[in-house]
Amino acid sequence: MRIAIAGGTGFIGEPLAKSLVSDNDVAVLTRNPSRVRAGRGIAWEPPEQDVWADVVAAADVVINLAGENIGQRWTKQRKARMVSSRIDSTNALIEAMKSAPQRKRTFISASAVGYYGSRGDEVLDEASPRGDGFLAELVDKWEAAARQAEPIARLVIVRFGVVLDPHGGALAKMLPPFRLGVGGPIGNGRQWMSWVDRNDVVRIIEWAIANDDVRGVYNAVAPEPVRNRDFTRALGRALHRPAFLPVPAFALKVVFGEMANGTVLPSQRVVPARAMAEGFAFERPRLDEALVHSLTRT
């Protein structure tokens, strides 16, 4: 198949491209083609349509993973970039696909469990309504933009949880203090975390590509969410380090501002109801096993 990946040099995009390239023609759309390690690097400057637009129009599968990093303090300017980078890239890809509207194709668009907001102990699946807050509103707009592709593509929206891999994302930020023996729960530690091994994220996307019946919204999270305090204990066990020094919520709010309330402190007990009901099997469904597996990749 011809596959085009926007954001294919990122935390999820790079291992996805590496996994797909052995059996497919993979084009990675990026502002820096020299960084591409798997697949063909294609210069990508939306909304300007150049060679990349022709590549997208001819692709059997288009995957959108592009978007400004949310893991930094949310200034007014950064929040604007978080919105525009996601909406503009999605719109640009769809416009390129519209130049060949009759082509049979799949469009896979990234999303996030931030859609659900902070919901305490409530179990959340794909049918749960949107929550409150900036991140929930951002994700809602992002998914609405992706739905414009439905007349011309089989649309799959993948809501990612906390993706675990020592080379990036939340786990990479947690490892230094935990290795020094000064890690611990965040706030009161009671908030739920919906996590997933990065290899399973890649596998979910590949499963969506391979199965024509897969369409709509899917939660890319492991089937067993855990409370933050249990996550930190499991990480301490995997590293053979103590994990009892809490990080006060007020300190996070001072350092990170609104971002702390949006990404670190919310309670999101999200389950992958649709993927499991439709036959997807996780390789790493349990946290202890997933952490040990992840840490062997350091």
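Residues numbered from 1 in each chain as written. Predicted model: local features only at pLDDT ≥ 70, side-chain atom pairs only at ≥ 80, totals over all residues. Heavy atoms only, no water.

**Digging into the side chain of R86**
Our working rule: Starting at the N terminus, helices and strands are each numbered in turn, a helix being any DSSP run of H or I of at least four residues and a strand any DSSP run of E of at least two. Between two residues, a contact is recorded if the distance between any of their heavy atoms is within 4.5 Å.
Its place among the elements puts R86 in helix α3 (residues 76-97). Among all residues touching R86, those that are not within four sequence positions of it are A66, G67, E68, I70, L138 and W142.

**Considerations on helix α1 (residues 13-20)**
Convention followed: Partly exposed residues are those whose accessible area sits between 20% and 50% of the maximum for their type, while under 20% is buried and over 50% is exposed, using a 1.4 Å probe and protein chains only. Throughout, the arc means the angular range of directions from the helix axis out to the C-beta atoms.
Taken as a whole, α1 has its buried residues at G13, L16, A17 and L20. When α1 is viewed along its axis, its buried side chains cluster within an angular range of 100° and face the same direction. Where α1 is buried, its residues contact β1 (2-6), β2 (25-30), β4 (61-64) and α6 (198-210).

**Topic: the packing of aromatic side chains**
Under the convention used in this document: Classification of ring pairs rests on two measures: the distance between centres of Phe, Tyr or Trp rings, Trp counted by its six-membered ring, which must be within 6.5 Å, and the angle between planes, read as stacked under 30 degrees, edge-to-face over 60 and tilted in between. Either the NZ atom of lysine or the CZ atom of arginine qualifies as a charge over a ring when it sits within 6 Å of the ring centre and within 35 degrees of the ring normal.
In total, this model carries six aromatic pairs according to the counting rule given. Pairing W44 with W52 gives two aromatic rings, centres 4.8 Å apart and planes at 80°, and the pair type is edge-to-face. Here the two residues W44 and W52 agree in accessibility, since each one is buried. For the pair F280 and F282, a centre-to-centre distance of 5.0 Å together with 90° between the ring planes defines the contact as edge-to-face. One aromatic cluster in this structure is built from W207, Y218, F280 and F282. Positioned above the aromatic ring of Y115 is the side chain of R159, whose terminal nitrogen or guanidinium carbon lies 3.8 Å from the ring centre. The lysine or arginine in question, R269, covers the ring of W192, its NZ or CZ lying 4.1 Å from the ring centre.

**Side note on the packing of helix α7 (residues 228-239) against helix α11 (residues 287-295)**
Let me state the cut-off plainly: For helices, the fitted axis covers only the stretch in contact; all axes are lines through C-alpha atoms, and the angles between them, taken along N-to-C directions, range from 0 to 180 degrees. Geometric relationships in this document are graded by angle, where less than 35 degrees denotes roughly parallel, more than 145 denotes roughly antiparallel, 65 to 115 denotes roughly perpendicular, and other angles denote oblique. If you view the pair so one helix is near and one far, a crossing is left-handed when the near helix is turned anticlockwise from the far one by less than a right angle, and right-handed when it is turned clockwise.
Between α7 and α11, the shortest axis-to-axis distance is 9 Å and the interhelical angle comes to 45°. Accordingly, the angle class assigned to the pair α7 and α11 is oblique. Judged by the twist between their axes, the crossing of α7 over α11 is right-handed. Counted together, D230, F231, A234, L235, R237, A238 and L239 of α7 and L287, D288, L291, V292 and L295 of α11 form the full contact between these two elements.

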